[in-house]
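Survey of secondary and tertiary structure
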Amino acid sequence: MTRELLCRHIDQIRPVKPGTEGCEECLVSGDTWVHLRMCLSCGHVGCCDSSKNRHATRHYGATGHPVAASHEPGEDWAWCYADKLMLDPA
């Protein structure tokens, strides 16, 4: 199955690079959460929904940028917050 069939927001995915190597907000506050998601619209890196802060989801809520990808070594997946579904790897 292709991404186009799964996600209405495929056109918002950009060739971005991560803004940091850790969650941008956690690094400022001194937190060390490591399960990270990168916004595929702007490169913002945030902690996942298993963290106490859920910064990746907060980024989506604040910006409306719908698609994030895992920013973990060896993982190749993305999630669309708006469509609530996992995307196939590129």
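Everything discussed here concerns the structure shown above.
Residues numbered from 1 in each chain as written. Predicted model: local features only at pLDDT ≥ 70, side-chain atom pairs only at ≥ 80, totals over all residues. Heavy atoms only, no water.

**Focus on helix 3 (residues 55-63)**
Our working definition: Any residue under 20% of the maximum accessible area for its type is buried, any over 50% is exposed, and the rest in between are partly exposed; the area is computed with a 1.4 Å probe on protein chains only. Think of it this way: any DSSP run of H or I at least four residues long counts as a helix, any run of E at least two long counts as a strand, and we number them from the N terminus. Only heavy atoms enter the contact rule, under which two residues are in contact if any of them lie within 4.5 Å.
Those residues of helix 3 not exposed but buried are H55, A56, T57 and H59. Where helix 3 is buried, its residues contact helix 2 (24-29), strand 1 (36-39) and strand 2 (45-47). Two residues or fewer past helix 3, G64 is found with a positive phi of approximately 80°.

**Details of the side chain of E72**
Quick note on the threshold: Working convention for charge: Lys and Arg count positive, Asp and Glu count negative, and His plus the chain ends are omitted. Only one rule defines a salt bridge in this text: a Lys or Arg side-chain nitrogen within 4 Å of an Asp or Glu carboxyl oxygen.
Looking at the secondary structure, you find E72 in the loop between strand 3 (67-70) and strand 4 (78-80). This buried residue, E72, is left without a salt bridge; R37 holds the nearest opposite charge, at 4.5 Å. Once residues within four sequence positions are removed from consideration, E72 is found in contact with V34, H35, L36 and R37.

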